Amino acid sequence: MNALPELKIPISSGEQSPAVAIAPAVTKSGQPWRHALMVPMAILLALAVHAWAGKSEAASETQSYFIFLGIIGGASILLAILQPFWTGLQRWMKDLCPIIAAGVVALGVWEVVTAGFQLLPMPYFPGPAGVLASMINDRGIIFDSTWHSLLLLSQGYLLGVVVGLVTGICIGWFPGARYWGMPVLKFVGPIPATAWIPLAMVVSPSATFSAVVLIALAVWFPVTMLTASGIANTRASYLDVARTLGASRGYLIFRVAIPAAMPNIFIGLFMGLGTSFLTLVVAETVGVKSGLGWYVGWAQGWAEYGKVYAALIIMAVFFSTIMTVVFKIRDRVLVWQKGTIRW
Amino acid sequence: MVAAEERAISVEGSALRVDAVRKEYPSPLDTNVRTLALDGISLEVAAGDLVSIVGPSGCGKSTLLRMIAGLEAPTTGELWVGSTPITAPSAERGLVFQDPNLFPWCTVRRNIEAGLVARGVLREKRHEVDEFINLVGLDSFADAFPHHLSGGMAQRVALARALINHPKVLLLDEPLGALDAFTRMRMQDEVLRLWEGRGTTMLFVTHDIDEAIYMSSRIVIMSPRPGRIERVIEVTLPRPRERSSREFLQLRGDILELLHFGHAG
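Cut-offs applied
Residues numbered from 1 in each chain as written. Chains lettered and ligands numbered in written order. Predicted model: local features only at pLDDT ≥ 70, side-chain atom pairs only at ≥ 80, totals over all residues. Helix = DSSP H or I, 4+ residues; strand = E, 2+ residues; numbered from the N terminus. Rg over C-alpha atoms; globule rule 2.2 N^0.38 Å. Contact = placed C-beta atoms within 7 Å. Axes fitted to C-alpha atoms, helices over the stretch in contact; angles between N-to-C directions. Parallel < 35°, antiparallel > 145°, perpendicular 65-115°, else oblique. Nonpolar A, V, L, I, M, F, W, Y, C, P; charged D, E, K, R; others polar. Left-handed = near helix turned anticlockwise from the far one by under 90°. Core = buried A, V, L, I, M, F, W, Y, C linked by C-beta atoms within 7 Å. Buried ≥ 20, exposed ≤ 12 C-beta atoms within 10 Å, placed from the backbone. Pairing = 2+ DSSP bridges. pLDDT = per-residue confidence, 0-100.

**A word on the overall build of chain B**
Right, so step 1: Across its full length, chain B carries 8 helices and 11 strands.
Right, so step 2: A globule of 265 residues ought to have a C-alpha radius of gyration of about 18 Å, and chain B, at 19 Å, matches this closely.
Right, so step 3: Across its three principal axes, chain B shows a C-alpha extent of roughly 55 × 50 × 40 Å.
Right, so step 4: Within chain B, residue pairs in contact and separated by at least 24 positions form 70% of the contacts whose partners lie at least 6 positions apart.

**What about the overall build of chain A?**
Right, so step 1: Of regular secondary structure, chain A possesses 13 helices and 0 strands.
Right, so step 2: The N-to-C order of helical and strand elements in chain A reads α-α-α-α-α-α-α-α-α-α-α-α-α.
Right, so step 3: Contacts spanning at least 24 positions in sequence make up 73% of the contacts within chain A whose residues lie at least 6 apart.

**What to know about the packing of helix H11 (residues 249-286) of chain A against helix H13 (residues 305-333) of chain A**
All names here are of chain A.
Right, so step 1: Viewed as axis vectors pointing N to C, H11 and H13 meet at an angle of 170 degrees, and their least axial separation amounts to 11 Å. Taken together, the axes of H11 and H13 lie roughly antiparallel to each other. Contacts from Met262, Phe266, Leu269, Phe270, Leu273 and Phe277 in H11 reach Phe319, Ile322, Met323, Val326, Arg330 and Val333 in H13.
Right, so step 2: Of the residues assigned to the contact of H11 with H13, the class counts are 11 nonpolar, no polar and 1 charged.

**Re the packing of helix H6 (residues 139-173) of chain A against helix H9 (residues 207-232) of chain A**
Right, so step 1: Closest axis-to-axis distance for the H6(A)/H9(A) pair is 6 Å, and the angle between their directions is 30 degrees. The crossing of H6(A) and H9(A) is right-handed.

**Focus: the nonpolar core**
Right, so step 1: Counting residues in hydrophobic clusters, the biggest one holds 153 residues, and the most contacted among them are Ile215(A), Ala311(A), Ile68(B), Val157(B), Ala160(B) and Leu203(B).
Right, so step 2: Those residues in contact with Ile68(B) that lie beyond four places of it in its chain are Leu16(B), Leu79(B), Ile86(B), Arg93(B), Leu171(B) and Leu203(B).

**Concerning the pairing of strand E8 (residues 169-173) of chain B**
A regular strand places its side chains so that they alternate between the two faces of the sheet.
Right, so step 1: Of all 5 residues making up E8(B), 5 are buried, and the element is well covered by its neighbours.
Right, so step 2: Of the two faces of E8(B), the one lined by Val169(B), Leu171(B) and Asp173(B) and the one lined by Leu170(B) and Leu172(B) are each fully buried.

**Some thoughts on the interface of chain A and chain B**
Right, so step 1: With 25 residues of chain A in contact, the opposing surface of chain B contributes 33 residues.
Right, so step 2: Of all elements in the fold, only helix H10 (236-244) and H11 of chain A reach the threshold of two or more residues within the side of chain A that touches chain B.
Right, so step 3: Examining the composition of the side of chain A that touches chain B, we find that 7 residues originate from one element, H10(A), more than from any other.
Right, so step 4: Split into classes, the residues belonging to the side of chain A that touches chain B amount to 13 nonpolar, 7 polar and 5 charged.

**With respect to the sheet that holds strand E3 (residues 34-46) of chain B**
Residues and elements named next belong to chain B.
Right, so step 1: Spatially, the 4 strands line up as an open sheet ordered E3-E2-E5-E6, and their pairing is antiparallel. Two strands in the sheet have a free side with no partner beyond their single neighbour: E3 and strand E6 (84-85).
Right, so step 2: Looking at chain direction, strand E2 (residues 14-26) and E3 are connected through 9 bridges and run antiparallel. Across the sheet, residue glutamate 24 finds its bridge partner in E3, namely leucine 36.

**Notes on the confidence of the model for chain B**
Residue and element names in this part refer to chain B.
Right, so step 1: Across chain B, the average pLDDT comes to 86, with 94% of residues at 70 or higher.
Right, so step 2: Considering each helix and strand of chain B separately, the mean pLDDT is smallest for strand E1 (residues 4-6), with a value of 36, and largest for helix H2 (residues 108-112), with 94.
Right, so step 3: Low pLDDT, under 50, characterises residues 1-12; the stretch is placed with 19 contacts to residues that sit more than four places away or in other chains.
Right, so step 4: Across the predicted assembly, pTM comes out at 0.82 and ipTM at 0.87.

**Notes on the environment of Leu64(B)**
Right, so step 1: Tracing the chain through its elements places Leu64(B) in helix H1 (residues 61-69).
Right, so step 2: Once residues within four sequence positions are removed from consideration, Leu64(B) is found in contact with Leu38(B), Ile41(B) and Ile53(B).

**A short note on the pairing of strand E4 (residues 50-54) of chain B**
All names here are of chain B.
Right, so step 1: In terms of burial, E4 is a largely internal element, 5 of the 5 residues being buried.
Right, so step 2: The pairing of E4 with strand E9 (residues 201-206) spans 5 bridges and is parallel. Across the sheet, residue serine 52 finds its bridge partner in E9, namely phenylalanine 204.
Right, so step 3: In this sheet, strand E10 (residues 218-223) lies alongside E4 in parallel orientation, the contact comprising 4 bridges. Bridge pairing in E10 links serine 52 to isoleucine 219.

**A few points about the confidence of the model for chain A**
All names here are of chain A.
Right, so step 1: Averaged over all residues, the pLDDT of chain A is 86; the fraction at 70 or higher stands at 89%.
Right, so step 2: Across chain A, the element-wise mean pLDDT spans from 75 in helix H1 (residues 31-36) up to 95 in H6.
Right, so step 3: Contacts of residues 1-29 to residues separated by more than four positions or lying in other chains number 30 contacts, the stretch itself having pLDDT below 50.

**Describing the environment of Phe209(A)**
Right, so step 1: Along the polypeptide, Phe209(A) turns up in helix H9.
Right, so step 2: For the pair Phe209(A) and Val105(A), spaced 104 residues apart in sequence, the C-alpha separation works out to 44 Å.

What follows is the structure, given as structure tokens:
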């Protein structure tokens, strides 16, 4: 039994404190095992499915998938043994085990449907073992593609964010900039960046350059829009207070309006991230000769659908990692907000 | 002992002077029609005085305060701090609203030092930040964000934030209006303590007559539509004042009478 120390916040002058002492929570023993054993059970199921369905597959493919399941299974058993000794791990496992187990079960179902009963036409729907094998065989080129996608995305995204913040702040703060800038923003902004591809192909000196510009354009619109509205909607009383504290215009913009607009700015950054992923993949598919988008098209050309799915999985991991990073940054910047959505 | 007495406004030693101020607004419905918010407002506040403005809503109390703060300009008339005309907001006239308006992205400490940062003097005056955090008794909340504070604490931060600039005049626009009755009475003492300790000239808008009598040395009573000064009453009750003393209640009755809420006869 572990008793949490009682939280006490000193109260300065008899006034009621909003913080209330939190009663120590008592965790029931026995309950954690149910969560801890979920993943090993799911792994057993997946292994059984694989032993049965894998007979129709190449030996090299089945082996790597066996090892893969084995590693997850081994790790989950190890953690299940360790978890009674560490409450942090216990909480973490209670949180994550059901979803991981569900993922493993989904792998099993996938294998039953594809390699097992062969319900879906080949070669378009390989089983998980085949996809894993493609991923391992092509790891060099997949890694290289991911790296190139990251380079392209980060250049385009950062360019779009920087320009978007500057134009958004100007349009939000200065009436003159709003008068001239808003019509352009309203007129040009909603055009999907990918619609500019025909023009970009003609005008731009290189495919990479045009891809960077297109991604930047895709990011620029939502970032500008949300930044401008955030700045323009800064509570007037914050500005009034700052003025009576002796604030200059620089202080009003950088220390009041921009922090006040931060929640909005982050919404723009997230929207921009979504459009930048889309534009990145399209640009890589039609123009740029590298990156994950290009790799998907190339593998499809050879009818190697295992590689297509491998690339899609890598893309999912890649994009959601970037999303997580931006969410973490937001959580750091917006610690002052209460009740924000977690990623 | 007579508590209330009308008094001619003295000319010397005034920290703040409002001279024949008139304020018109364009009507929100028809821009050709102009609404008269304030008319013929003349007022002087002596240095170190604590003057409250009382009146029903719509009498232009807040507008008057915003003009003194420099956030709005009068249609006609002049406003002076000492011998300087008021043309724009300045750190020498602090303003505290009913809503504390703390910057939610700043901790208590950062909120309090905002005025020093805005004036670019944080480096020289950093030592004062702790002094002001301590002055309003929030040492243990220095690193808390505003959404963790109660209404009274937040308003104390707002007071410290305004006072750290050592304003010549502190303008308070119903600063305790949103607090519950008990916190409110405690905060009245808190404001009085700050006033007595620092000698800052304060102009205090309230619609609570008890609060006005308890705190101020003069009460300006305003009437609405258009906002005019009805009467200025001097409060000579000795401090600390007794909220339920006979003189206090007598004065309260007189003021209610003036505002047409008293019983006839």
